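Geometric and topological summary
Listed below are the residues making up each chain.
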Amino acid sequence: MEFTRRLGQTQATRHFPLPIDGLADWKEIDPGVWQTELALPDLPPKHIIVPSFALVGVDFRFQFQLQHLEGSNILRSIPADSELNLFSPPTDNSSNLSDHIDCWHSQSEVTTAILVLRVQCAEQPQQYVLATSVRPLEIEPHNIRSSSHSPINRMVQPPAISQMAASANIRNRICSPTALAMALSHLLNVVEHTQIEDFWTQLVEDCYDPVTKAYGMWPQAIFQASRLGVLATVECNADWQKVEQALTSKTPVVCSVRFAKDELQHAPLTQTAGHLVLLYGFTGNSVLVLDPAAENPAEVPRIYDRAQFTAAWLRQRGAAYFFSIEDRSFSVLESQQRSN
């Protein structure tokens, strides 16, 4: 089963490259705490459920809960450095779902599912995008639908950054903020070398999760993009359709890949249980990627075989970050000033 739905308002309806299905129905449940709900279809076993939320222009915190006939489950609140819980800890935490820092996995059938989002901010959310997506945890490569669109779709290459330029104690752990920095540098027109380096360094620091001591928490990356005025979502995918739409709108996509030894030829990593790269186009049977695991910026641009990349990306989870189209009316500097 596959399911995706997005709700959004204002900037989302004008600038987000993927379809927006309508508005969220917000209710103020406590002073400064807003709630909305989204009904989901019944969820079969062995599926991944990925919720996502972004809001620009204001300070905010948020948390997701999945209510269902068998109980309820919550994810940690975002930003990651927050100990705030917007939901009471569940007393009926369901074993039908396994809780992960980014998402849920269904262990058995989950029925009458309702995704509940709570947002703490001064006013009712206006410039936001709320998304949820569902797909099987694993799809065999021969069952992945091929593209039905043009075999050529590419945009201008974003700036290349190598995560290996960081200090030795973190360089192998920061693929997510590095891929994010390459995407946002392009979208926010950060072009000067020292500015890009400072921008990347700050994003690495901001994406750190003190609980897991990891830098790759999906919703934390989306939160950091929103602080810089860029609406974004993390969504699971079962085919190339969303990527094609994003590239047509000239927005790059961060893809989460996994592959065994030598399954992705010409990659700087011989194998990985989880790695994020920036995809900015494809031509025929090739995929154009910026791979932050390369030893230096000159080697970051890579050309991968499309069939091999499809298996590495879509076979398990198929997660990706999608970004709103560049909005010059909201600058990085303005966003940082508002958050200080």
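Residues numbered from 1 in each chain as written. Predicted model: local features only at pLDDT ≥ 70, side-chain atom pairs only at ≥ 80, totals over all residues. Heavy atoms only, no water.

Description of the pattern of salt bridges
- Per the counting criterion, the structure on display carries seven salt bridges.
- The closest approach of N and O atoms between D25 and K27, which form a salt bridge, is 3.0 Å.
- A salt bridge links K242 to E235, with the nearest nitrogen and oxygen atoms 2.9 Å apart. Summarising the burial analysis for this pair, K242 and E235 share the class buried. (Salt bridge = Lys/Arg side-chain N within 4 Å of Asp/Glu carboxyl O. Buried < 20%, exposed > 50% of the residue type's maximum accessible area, 1.4 Å probe, protein only.)

Things to note about the pairing of strand β2 (residues 27–30)
- When β2 meets strand β3 (residues 33–39), the two strands line up antiparallel, connected through three bridges. Paired with D30 across the strands is V33, a residue of β3. (Pairing = 2+ DSSP bridges. Helix = DSSP H or I, 4+ residues; strand = E, 2+ residues; numbered from the N terminus.)

Side note on the packing of helix α2 (residues 175–187) against helix α3 (residues 193–206)
- Look at α2 against α3: their axes get within 9 Å of each other, and the N-to-C directions meet at 135 degrees. In terms of their interaxial angle, α2 and α3 are classed as oblique. Considering how the two elements wind past one another, α2 and α3 form a crossing that is right-handed. Residue-level inspection shows P177, T178, L180, A181, L184 and S185 of α2 in contact with α3, the latter providing I196, F199, W200, L203 and V204.
- For the contact of α2 with α3, the class distribution of residues is nine nonpolar, two polar and no charged. (Axes fitted to C-alpha atoms, helices over the stretch in contact; angles between N-to-C directions. Parallel < 35°, antiparallel > 145°, perpendicular 65-115°, else oblique. Left-handed = near helix turned anticlockwise from the far one by under 90°. Contact = heavy atoms within 4.5 Å. Nonpolar A, V, L, I, M, F, W, Y, C, P; charged D, E, K, R; others polar.)

Considerations on the environment of I303
- Mapped onto the secondary structure, I303 falls in strand β16 (residues 301–305).
- It is 34 Å that separates the C-alpha atoms of I303 and V56, two residues lying 247 residues apart in sequence.
- Setting aside chain neighbours within four positions, we find I303 in contact with H266, S286, V287 and L288.

Here we look at the side chain of T310
- Looking at where T310 falls in the secondary structure, it is placed in helix α6 (residues 306–314).
- At a separation of 2.7 Å, a polar atom in the side chain of T310 contacts the main-chain carbonyl oxygen of R306.
- If we ignore the near neighbours within four places in the chain, the residues touching T310 are I144, W240 and R315. (Polar contact = N/O pair within 3.5 Å; in protein donor to acceptor, adjacent residues only side chain to side chain.)

Section: the packing of aromatic side chains
- Taken as a whole, this structure holds 14 aromatic pairs when the rule is applied.
- Aromatic pair W26 and Y128: ring centres 5.4 Å apart, planes at 90 degrees, arrangement edge-to-face. Linking W26 in the loop between α1 (11–15) and β2 with Y128 in strand β10 (residues 128–136), this pair joins segments that are 102 residues apart in sequence. Residues W26 and Y128 agree in their burial class; the two are buried.
- For the pair F53 and F62, a centre-to-centre distance of 5.5 Å together with 65 degrees between the ring planes defines the contact as edge-to-face.
- We classify F53 as buried; its relative accessible area is 1%.
- Here a set of aromatic residues connected by ring pairs shows up, and it is made of W26, F53, F60, F62, F64, Y128 and F223.
- Over the face of the ring belonging to W240 we find R306, whose NZ or CZ atom lies 4.5 Å from the ring centre.
- One residue, R306, lies across the ring of F282, its end atom 4.1 Å from the ring centre. (Phe/Tyr/Trp six-rings, centres within 6.5 Å; stacked < 30°, edge-to-face > 60°. Lys NZ or Arg CZ within 6 Å of the ring centre and 35° of its normal.)

Considerations on the packing of α2 against helix α4 (residues 218–227)
- At a minimum axis distance of 11 Å, the contact between α2 and α4 shows a crossing angle of 30 degrees. Looking at the two axes, α2 sits roughly parallel to α4. The interaxial crossing formed by α2 with α4 has right-handed handedness. Contacts between α2 and α4 involve S176, L180 and L184 on the former and, on the latter, A221, Q224 and A225.

Observations concerning the sheet that holds β3
- Pairing in this open sheet of five strands is antiparallel, and the strands run β2-β3-β9-β5-β6 from one edge to the other. Both edges of this open sheet fall to β2 and β6 (71–74), since each of them pairs with a single strand only. Looking at each pair of strands side by side, their axes are set apart by 30 degrees on average, direction ignored.
- As judged from the seven bridges shared by strand β5 (residues 61–68) and strand β9 (residues 114–120), these two strands associate in the antiparallel manner. When the bridges of β9 are listed, Q67 appears paired with I114.

What to know about the sheet that holds β10
- Reading across the sheet, the five strands line up as β1-β10-β4-β8-β7 and stay open at both edges, with antiparallel pairing between neighbours. Of all the strands in the sheet, just β1 (3–9) and β7 (97–99) have a single pairing partner and so form its edges. Adjacent strand axes in the sheet meet at a mean angle of 15 degrees, parallel and antiparallel pairs treated alike.
- Sheet topology places strand β4 (residues 47–55) next to strand β8 (residues 104–106); two bridges connect them, and they run antiparallel.

Re the pairing of β3
- Of all the seven residues making up β3, five are buried; the element is thus mostly covered by neighbouring parts of the structure.
- Between β2 and β3, which pair antiparallel and follow one another directly, the connecting turn spans two residues, one of which, G32, has a positive phi of 75 degrees.
- In terms of strand pairing, β3 meets β9 through seven bridges, oriented antiparallel. Looking at the pairing, Q35 lines up with R118 of β9.

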